[in-house]
Amino acid sequence: MSGFATVNKNGGNSRLWAALEAVSRPTEAQVRAEATLVRMLASRIEEDTSLIAELAGLVEAEVGSDETYRCLLTVPGVGPRTAAQLVLSVDISDFEDHDHLASYCGLVPRNRQSGTSLNSVSSSRQGNKQLKNLLIFSCSCLARGSGYYRKYYERCRDRGMPYKAAIKAVARKRLKVIYAVMRDVRPYVA
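Just so you know, these numbers come straight off a predicted model, no measurement behind them.

A. Region of the structure containing helix α8 (residues 148–158). Within the sequence span of α8, burial applies to Tyr149, Tyr152, Tyr153 and Cys156. All buried residues of α8 project into a common sector of 100° when viewed along the axis, lining one side. Exposed and oriented more than 90 degrees from the buried face of α8 are Lys151 and Asp158. On the buried face of α8, the contacting elements are α7 (129–144) and α9 (163–184). Gly160 sits one or two positions beyond α8 and adopts a positive phi of about 100°.

Structure follows, in structure tokens:
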């Protein structure tokens, strides 16, 4: 910028160009402050990372020996976080079938009724939002894969379902498998 300012200083606004030049360059104090801030942020990231690892260890210690947890890890797309969340927040004996579990997770459509007409409109905003988000986000990965759930996702899209509705349909389909694995406490077999 200084070369540009030197050329235009002869135009009469040398104070303006000097002010612009001063603003565009950080002072030594600003550079030292930024360096200190970067060190503080790096320290905080390192501290948070170790706390996350410690928390993951505590969760693993809590559910690692649970047979249902180990069986859930055999279901495609269910990792340690999803399996732990399912084991800790779902008592499978509370649900008589997979539809009730889907309702608890918020993966069922909301019905609108007027007289004798019944229309399924949008998805329900009720249910366990943490489980719903875990199931939907993990199904996004499954839909990009090459297995059964990818084919099911493509069939849903071919029927005209929008992306979000198709992913929720995949999540609900997979929840049937999760329900059976949790109910029977048996590993998933394709």
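There is more to say after this.
B. Broad picture of the packing of aromatic side chains. Per the stated rule, a full pass over the model turns up three aromatic pairs. Here the aromatic rings of Tyr148 and Tyr149 are separated by 5.2 Å at their centres, their planes lie at 75°, and the arrangement is edge-to-face. Given the relative accessible area of 5%, Tyr149 is considered buried. An angle of 80° between the planes, with centres 6.2 Å apart, marks the rings of Tyr153 and Tyr163 as edge-to-face. Here Tyr163 lies in helix α9 and Tyr153 lies in helix α8, a separation of ten residues in the sequence.

C. Structural detail: the layout of surface pockets. Its volume calculated, the second largest pocket comes out at about 170 Å³. Around the second largest pocket, the lining residues are Ile52, Leu55, Ala56, Val59, Glu60, Val63, Tyr69, Pro80 and Ala84. Of all the secondary structure elements, the ones that give two or more residues to the lining of the second largest pocket are α3 (28–63) and α5 (80–89). Examining the composition of the lining of the second largest pocket, we find that six residues originate from one element, α3, more than from any other. Residues that form the lining of the second largest pocket fall into these classes: eight nonpolar, no polar and one charged.

Procedures and definitions
Residues numbered from 1 in each chain as written. Predicted model: local features only at pLDDT ≥ 70, side-chain atom pairs only at ≥ 80, totals over all residues. Heavy atoms only, no water. Buried < 20%, exposed > 50% of the residue type's maximum accessible area, 1.4 Å probe, protein only. Helix = DSSP H or I, 4+ residues; strand = E, 2+ residues; numbered from the N terminus. Arc of directions from axis to C-beta. Contact = heavy atoms within 4.5 Å. Phe/Tyr/Trp six-rings, centres within 6.5 Å; stacked < 30°, edge-to-face > 60°. 1 Å grid on protein atoms, 1.4 Å probe; cavity = no way out; pocket = protein on both sides within 12 Å on 5 of 7 lines; lining within 4 Å. Points joined across faces, edges and corners; volume = space filled by probe spheres on them. Nonpolar A, V, L, I, M, F, W, Y, C, P; charged D, E, K, R; others polar.

This is a description of form; function is not addressed.
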